[in-house]
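# Examining the three-dimensional arrangement
In case you want the letters, here they are:
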Amino acid sequence: MHRTRSRLAGTVALALGAGLMMGLGSGGVAQAADKNVARNGGFESGLSHWSCTANSGAAVGDPVHAGAGALKATPAGLDNARCSQTVTVKPGSTYRLSAWVQGSYAYLGATGTGTTDVSTWTPGSGAWQQLTTSFTTGPGTTQVTVYTHGWYGTGAYVVDDLSVFGPDGGGDTDPEPEVPAPPSGLTAGAVTSSSVALGWDAVSGATGYHVYRDGTRVHKAGGTSATVTGLAADTSYGFQVTAVNAAGESAKSPVLAVRTKPGSPDPNPDVPRHALTGYWQNFDNGATVQKLRDVQDQYDIIAVSFADSTATPGEITFNLDPAVGYGSVADFKADVAAKKAAGKSVILSVGGEKGNVTINSDASATAFADSAYALMREYGFSGVDIDLEHGINSTYLTKALRQLSAKAGSGMVLTMAPQTIDMQNTGTEYFRTALAVKDILTVVNMQYYNSGSMLGCDGKVYSQGSVDFLTALACIQLEGGLDPSQVGIGVPASARGAGSGYVSPTTVNNALDCLTRGTGCGSFKPSRTWPSLRGAMTWSTNWDATAGNAWSGAVGPHVHNLP
């Protein structure tokens, strides 16, 4: 900060010669006392001093331009995610407003200047860009509102290092931060064959932490814990942690040596780039009864439906229904193993229309993780599907899924099947959970059926049963923070598979083409394409069989031939 001021004072002639207005005071003359009158412009203190419409903004630790914090804001519906603060200024003075931005459309501006309000914008970029403008205050102006916002129907934008340089208006300014001390108390928690959970003591003044493995930075953390994954079995690693803030990064903590547990090679096959998911019914409801071995070969992920709850909150179990026709549980387990040997992922679905598993405390989160992992080991399931339709608590469901991931390792398959209302914006419990476990999440196959009309990412209302309903609602997830590989389209396999919302396989394929190639769209045409979209899901493989495998026969090859 001090170096910047000195450089401005020493190079004003060069700046004026280049036509810039950097740190100009009254009368257009550079003032040595010019300073940044914005508060928390680096978002190192979360959203302190900032106000965002419709709770659209959040402080994030990645990506950042500098320091350990940034602002990420997501437009939704008719809200453009406007975040602002009021700064104290000096009348009749000129100020330079700038910020670094990344992501989708981003605007930067000032209102209430007393003269001409200003703004500038960019259509977006994957790299950091600096937006810069300047304004002059009126003769009686002592406060100006500076703001950023995105644009309707587009994705999230990120802002960092916002500054308003000009004469001191007499308001409070941020104190110069000091580099924090190195963290102490680094310890290891749960250790598996592929992951290590770490914890450490909080450091005063730190806004984030960096985790190092054998000298290489591998993780950023906003709090005092992190789980490092992707480790080799039965191998020793040295871990260190540093504390960071806007002033810089601390020295590394002392090395903590941890050895991972021995383990056999991951038995779970990889999920293909483009995958077809089907729910297999562990009951007879009038659809074709199948054994697991009978599930159509087009399906890459087979979700066994459903787990059962127990009297212990959060705990699940699995009971093979005699109606399916297995002679023994061992026969079922053999079918699971055979499907996995054929390259399929067989997972256990939790919830459904009639299922109700409550995870709303630390104890229930641990009970879920422990029981789900026990079932994975007993039956050979590759992971779990979250299909809870009676409300969830994102805080504790996130804890449960992270505990399960730490036990199961990086090969665990994690899918979700929320209803349309659950994914209308990033503030819903389901969307919050999906983003919170994004690093271990395989795919979200939202249920585009048994739904009323919903808003698309362009703020327009769409009715179910059309290509626009599929694409405009998928766009919310794609622009809201999920990776395209984590988004799938969930539809019934036949008109009998759901109360409403059935669409033909042709409509599903058109929606997939619209999202990945930009072709086959209806009236809604997204501003860009997402070639790595994961694929599609159906309820169920049994209803698909009842309809002569028409759904998997048409949608399966199309999914597998996406770009």
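Up top is the structure these notes are about.
Our subject in this report is the structure included herewith. (Residues numbered from 1 in each chain as written. Predicted model: local features only at pLDDT ≥ 70, side-chain atom pairs only at ≥ 80, totals over all residues. Heavy atoms only, no water.)

Our focus in this paragraph is the sheet that holds strand S16 (residues 225-228). Overall, antiparallel pairing links the 3 strands, which are arranged S12-S13-S16 in an open sheet. Since the sheet does not close on itself, it has two edges, and those belong to strand S12 (187-191) and S16, each with one partner. Across the sheet, the axes of successive neighbouring strands diverge by a mean angle of 25°, strand direction being ignored. One ladder, built from 3 bridges, connects S12 with strand S13 (residues 196-199); its direction is antiparallel. Following the sheet pairing, Thr-187 is matched in S13 by Gly-199. (Pairing = 2+ DSSP bridges. Helix = DSSP H or I, 4+ residues; strand = E, 2+ residues; numbered from the N terminus. Axes fitted to C-alpha atoms, helices over the stretch in contact; angles between N-to-C directions.)

A separate point is helix H5 (residues 394-408). Along its 15 residues, H5 runs 20 Å from first to last C-alpha, staying within 8% of the 21 Å computed at 1.5 Å per residue. Restricting attention to buried positions, one finds in H5 the residues Ser-394, Leu-397, Thr-398, Ala-400, Leu-401, Leu-404, Ser-405 and Ala-406. Lining the buried residues of H5 we find helix H4 (362-379), strand S25 (383-388), strand S26 (413-416) and helix H6 (429-436). Where H5 starts, the residue carrying a side-chain oxygen 3.0 Å from the main-chain nitrogen of Thr-395 turns out to be Asn-393. Directly beyond the C-terminal end of H5, a positive phi value near 90° is found at Gly-409. (Expected span 1.5 Å × (residues − 1). Buried < 20%, exposed > 50% of the residue type's maximum accessible area, 1.4 Å probe, protein only. Contact = heavy atoms within 4.5 Å. Polar contact = N/O pair within 3.5 Å; in protein donor to acceptor, adjacent residues only side chain to side chain.)

Turning our attention to the nonpolar core. Counting 92 residues, the largest nonpolar core has Leu-292, Phe-332, Phe-368 and Ile-386 as its most contacted members. Considering every element that reaches this core, the biggest residue donor is helix H7 (residues 467-479), with 9 residues. With 27 residues, the next largest nonpolar core counts Leu-71, Cys-83, Val-118 and Leu-162 among its residues. (Core = buried A, V, L, I, M, F, W, Y, C linked by side-chain atoms within 4.5 Å.)

Let us now look at the packing of aromatic side chains. Enumeration according to the criterion identifies 22 aromatic pairs in this entry. Considering the side-chain rings of Phe-332 and Tyr-379, the 6.0 Å spacing of their centres and the 70° angle between planes classify their relative orientation as edge-to-face. Placement of Phe-332 in helix H3 (residues 329-341) and of Tyr-379 in helix H4 is noted, with a sequence separation of 47 residues between them. Tyr-379 shares its class with Phe-332; the two are buried. Residue classification places Tyr-379 among the buried positions, given a relative accessible area of 8%. The rings of Trp-280, Phe-318, Tyr-326, Phe-332, Tyr-379 and Phe-381 are connected pair by pair, giving a single aromatic cluster. The residue whose ring lies beneath Lys-291 is Tyr-326, and the NZ or CZ to ring-centre distance is 5.8 Å. Cation over ring: Lys-333 sits above Tyr-379, and NZ or CZ is 5.1 Å from the ring centre. (Phe/Tyr/Trp six-rings, centres within 6.5 Å; stacked < 30°, edge-to-face > 60°. Lys NZ or Arg CZ within 6 Å of the ring centre and 35° of its normal.)

Before going further, it helps to examine the state of the cysteines. Taken as a whole and judged by the stated rule, the model has 3 disulfides. With a sulfur-sulfur separation of 2.1 Å, Cys-514 is cross-linked through a disulfide to Cys-521. Across the S-S bond of Cys-514 and Cys-521 the torsion is about 100°, and the bridge reads as right-handed. Residue classification places Cys-514 among the buried positions, given a relative accessible area of 0%. Relative accessible area serves as the criterion here: at 22%, Cys-521 is assigned to the partly exposed category. (Disulfide = S-S within 2.5 Å.)

To continue, consider the side chain of Glu-44. Among the secondary structure elements, Glu-44 is positioned in the loop between strand S1 (35-36) and strand S2 (51-52). For the buried Glu-44, no salt bridge is present, and the opposite-charge side chain at shortest range is Lys-220, 10 Å distant. Polar side-chain contacts of Glu-44 include one of 3.4 Å to the backbone nitrogen of Gly-69. Glu-44 has contacts with Ala-66, Gly-67, Ala-68, Gly-69, Thr-207, Asn-245 and Ala-246, leaving out every residue within four places of it along the chain. (Lys, Arg positive; Asp, Glu negative; His and termini not counted. Salt bridge = Lys/Arg side-chain N within 4 Å of Asp/Glu carboxyl O.)

Sheets are built from strands paired through backbone hydrogen bonds, the pairs being either parallel or antiparallel. Taken in spatial order, the 5 strands line up as S2-S5-S10-S7-S8 in an open sheet, and their pairing is antiparallel. With partners counted over all chains shown, the strands left at the sheet margins are S2 and strand S8 (118-122), one partner each. Sheet analysis places S2 next to strand S5 (residues 83-88), joined by 2 bridges and oriented antiparallel. Looking across to S5, one finds that Ser-51 is bridged to Ser-84.

This paragraph deals with the pairing of strand S11 (residues 157-166). In terms of burial, S11 is largely enclosed, as 9 of its 10 residues are buried. Direction of pairing for S1 relative to S11: antiparallel, over a ladder of 2 bridges. Each residue of the ladder has a partner; that of Asn-36, found in S11, is Phe-165. Sheet topology places strand S4 (residues 70-73) next to S11; 3 bridges connect them, and they run antiparallel. Following the sheet pairing, Leu-71 is matched in S11 by Val-159. Sheet analysis places strand S6 (residues 94-103) next to S11, joined by 7 bridges and oriented antiparallel. The residue bridging Arg-96 from the neighbouring strand is Phe-165, located in S11.

Moving on, we get to the environment of Leu-441. Within the fold, Leu-441 resides in the loop between H6 and strand S27 (443-447). Along the chain, Leu-441 and Lys-340 lie 101 residues apart, while their C-alpha atoms are 19 Å from each other. Setting aside residues up to four positions removed in sequence, Leu-441 forms contacts with Leu-414, Met-416, Ala-434, Leu-482 and Gln-486.

Another point: the packing of H4 against H5. Contact geometry of H4 with H5 gives a least axis separation of 8 Å together with a crossing angle of 35°. As H4 runs across H5, the sense of the crossing is right-handed. Facing H4, whose interface residues are Asp-362, Ala-365, Thr-366, Phe-368, Ala-369, Asp-370, Ala-372, Tyr-373 and Met-376, H5 presents Tyr-396, Lys-399, Ala-400, Leu-401, Gln-403, Leu-404, Lys-407 and Ala-408. Looking at side-chain class alone, the contact of H4 with H5 contains 11 nonpolar, 2 polar and 4 charged residues. (Left-handed = near helix turned anticlockwise from the far one by under 90°. Nonpolar A, V, L, I, M, F, W, Y, C, P; charged D, E, K, R; others polar.)

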